[in-house]
Amino acid sequence: MTSPDRELRVALEARQVEKLYRRRLTLETPQGARVRVDGRACVNFASNDYLGLANHPEVIAAFVRAAETYGVGSGASHLISGHSRAHQALEEELAAFTGRPRALLFSTGYMANMGVINALMGPGDLLLQDRLNHASLLDGGFLCRARFERYPHGDMETLDGLLAPVGPRRILIATDGVFSMDGDLAPLGELAARADARGAWLMVDDAHGFGVLGDKGGGIVEALGLGLDAVPILIGTLGKAFGTFGAFVAGSEALIETLIQFGRTYIYTTALPPAVAAATRASLRLLRDEGWRRDHLRALIARFRAGAAALGIPLLPSTTPIQPVPVGDDGRVQAIAGHLRAAGHWVGAIRPPTVPRGTARLRIALSAAHSEAQVDALVEALATAWRAVPAAQGKS
Ligand SMILES: *Cc1c(COP(=O)(O)O)cnc(C)c1O
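Everything numeric here is computed off the predicted structure, so don't read it as measured data.

**A closer look at the environment of Ala365**
Link 1 in the chain: Position of Ala365 relative to the elements: it lies in strand E12 (residues 360-365).
Link 2 in the chain: Leave out the neighbours within four places in its chain, and Ala365 touches Phe45, Ser47, Tyr50, Pro321 and His370.

**Things to note about the packing of aromatic side chains**
Link 1 in the chain: Scanning the entire structure with this criterion turns up six aromatic pairs.
Link 2 in the chain: An angle of 85 degrees between the planes, with centres 6.5 Å apart, marks the rings of Phe97 and Phe242 as edge-to-face. Of this pair, Phe97 sits in helix H4 (residues 85-98) while Phe242 sits in the loop between strand E8 (233-237) and strand E9 (247-251), and the two are 145 residues apart along the sequence. The burial state of Phe97 is the same as that of Phe242; both residues are buried.
Link 3 in the chain: Ring centres of Phe242 and Phe248 lie 6.3 Å apart, and the angle between their planes is 85 degrees; this geometry places the pair in the edge-to-face category.
Link 4 in the chain: Of the residues examined, Phe248 reaches a relative accessible area of 0% and is grouped as buried.

**Here's the deal with the sheet that holds strand E4 (residues 126-130)**
Through backbone hydrogen bonds, the strands of a sheet pair up, either in parallel or in antiparallel fashion.
Link 1 in the chain: Strands sit in the order E3-E9-E8-E7-E6-E4-E5 across an open sheet of seven strands; the sheet is mixed. In the strand order of this sheet, the two ends are held by strand E3 (102-106) and strand E5 (147-151), each with one partner. The mean angle between the axes of side-by-side strands here comes to 20 degrees, regardless of whether they run parallel or antiparallel.
Link 2 in the chain: Of the pairings in the sheet, the one linking E3 to E9 comprises five bridges and is antiparallel in character. By the bridge assignment, Ala103 is partnered in E9 with Ala250.

**With respect to the site of the ligand**
Link 1 in the chain: Neighbouring the ligand are 14 residues; Gly109, Tyr110, Asp205, His208 and Lys240 lie closest to it.
Link 2 in the chain: Contact between the ligand and Asp205: a nitrogen atom at 2.5 Å from a side-chain N or O atom of the residue.
Link 3 in the chain: Here an oxygen atom of the ligand sits 2.5 Å away from a polar atom, N or O, in the side chain of His208.
Link 4 in the chain: Calculation on the ligand without its partners gives an accessible area of 370 Å², and the protein chains cover 83% of this total.
Link 5 in the chain: The leading source of residues in the shell around the ligand is helix H5 (residues 109-120), at three residues.
Link 6 in the chain: Looking at side-chain class alone, the shell around the ligand contains two nonpolar, nine polar and three charged residues.

**Concerning the domain arrangement of the protein**
Link 1 in the chain: By domain assignment, the protein separates into domain 1 (20-49 + 291-391) and domain 2 (106-269).
Link 2 in the chain: Spacing between the C-alpha centres of domain 1 and domain 2 amounts to 28 Å.
Link 3 in the chain: On the domain 2 side, the residues contacting the 19 residues of domain 1 number 19 residues.
Link 4 in the chain: Linking domain 1 with domain 2 are one salt bridge.
Link 5 in the chain: Taking the shortest distance from any N to any O, the salt bridge between Arg361 and Asp182 comes out at 3.0 Å.

**Let's talk about the pattern of salt bridges**
Link 1 in the chain: The tally for this structure, following the rule as stated, stands at 15 salt bridges.
Link 2 in the chain: Two residues, Glu18 and Arg357, come together in a salt bridge whose shortest N-O distance is 3.5 Å. A residue pair is termed long-range when its members are at least 10 positions apart, and Glu18 in the loop between helix H1 (5-17) and strand E1 (34-37) and Arg357 in the loop between strand E11 (345-350) and E12 qualify at 339 residues.
Link 3 in the chain: Taking relative accessible area as the criterion, Glu18 reaches 38% and is therefore assigned partly exposed.
Link 4 in the chain: The salt bridge involving Asp289 is made with Arg288; its shortest N-O contact spans 2.9 Å.
Link 5 in the chain: What makes Arg288 partly exposed here is its relative accessible area of 27%.
Link 6 in the chain: Connected via shared salt-bridge partners are Arg102, Glu253 and Glu257.

**A look at the packing of helix H14 (residues 330-342) against helix H15 (residues 372-388)**
For any two helices packed against each other, one specifies the inter-axial angle together with the distance between the axes.
Link 1 in the chain: Two elements in contact, H14 and H15, have axes whose closest approach is 9 Å; the angle formed by their N-to-C orientations is 135 degrees. Viewed along their axes, H14 and H15 adopt a mutual orientation that is oblique. Between H14 and H15 the crossing geometry is right-handed. Between H14 and H15, the residues in contact are Arg332, Ile336, His339 and Leu340 and Ala381, Leu382, Ala385, Trp386 and Ala388, respectively.
Link 2 in the chain: Its residues assigned to classes, the contact of H14 with H15 comprises seven nonpolar, one polar and one charged.

Calculation criteria
Residues numbered from 1 in each chain as written. Predicted model: local features only at pLDDT ≥ 70, side-chain atom pairs only at ≥ 80, totals over all residues. Heavy atoms only, no water. Helix = DSSP H or I, 4+ residues; strand = E, 2+ residues; numbered from the N terminus. Contact = heavy atoms within 4.5 Å. Phe/Tyr/Trp six-rings, centres within 6.5 Å; stacked < 30°, edge-to-face > 60°. Buried < 20%, exposed > 50% of the residue type's maximum accessible area, 1.4 Å probe, protein only. Pairing = 2+ DSSP bridges. Axes fitted to C-alpha atoms, helices over the stretch in contact; angles between N-to-C directions. Near = heavy atom within 4 Å. Polar contact = N/O pair within 3.5 Å; in protein donor to acceptor, adjacent residues only side chain to side chain. Areas by Shrake-Rupley, 256 points an atom, 1.4 Å probe, with all protein chains shown as cover. Nonpolar A, V, L, I, M, F, W, Y, C, P; charged D, E, K, R; others polar. Domains from an automatic or database assignment. Salt bridge = Lys/Arg side-chain N within 4 Å of Asp/Glu carboxyl O. Parallel < 35°, antiparallel > 145°, perpendicular 65-115°, else oblique. Left-handed = near helix turned anticlockwise from the far one by under 90°.

Encoded structure:
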């Protein structure tokens, strides 16, 4: 018998030599500001639970009640027999929340992006994406058989050049709203104006903006006042600020019906457990109505940035809870994250291929569940770790 192992080990060892090997840490508690990970108590700056809703008692209670009502498994895809009253109610509430005529649940954000792009785009079409878009948007582009071009991050001039030639049947511009590893915002006003001028469609994946941006947590489109005309295809995920799991697409009646008919990642997969939908209805209410979480989060972001700047820690221009600290070297970023964890602060060490080569970074994710004292302690520990691991020492 031929085992794949010998061949696979070659690539695994290469990844280790490059200091790009990834290991999972095991979480022993619910998500939250204070967690236990691999046997150690830590303050958690490594999750996307931006509002602290993943372990909220009302969300848990809704989940438990719904599991008692509907059971656990949805039992089938939405089109067969898996579409429950809980799913339907959540879709209606998400449509109202986003100010769009309809919303459609997907089992994950990854699948929503793959499904939307592949339902809308095919041979002869032109798909344009920001180079730093999330992998699920990029993978949707690779799969869809349209002409697919990526423009440098936020580079409107290059985008104009790509939009200039006439010919393609259909043009779609797809972008993250908040960029997941940089924390900055897409220039949505400029993108919408270009899409309008060129008859292109604009698709915005605001996985990291919902719950965080906008007075009601409606994300980047609420913050910028962009309606259905400007952003006809809007994606949100439920596993981040909503604190649950899954994703949705919000848009027109025709868009949603198109996805139900032609979205392969919608059609050929099991519906989310109804209890997840019910829990998300509870988290949507908290996310929308309890603005104090956003206020507290905004104050923590400003506090972190002021504190880090005062101690000479480099930052990127982000106004969101995603606060990357650029390090560059893959070994050094791991060493600094290791120091921080030993001191009780858990931050993500983000390396290629998640980010471009040479741009490894710490990804500090702030949450409304954090206290000012926890953020202050992180800043101090960061300055200590930054000095303890000099640039040369981390070099491989
Ligand atoms: C997390 C994320 C996704 C994927 O969502 P999942 O529900 O986790 O699959 C898609 N797009 C962006 C921008 C994300 O950050």
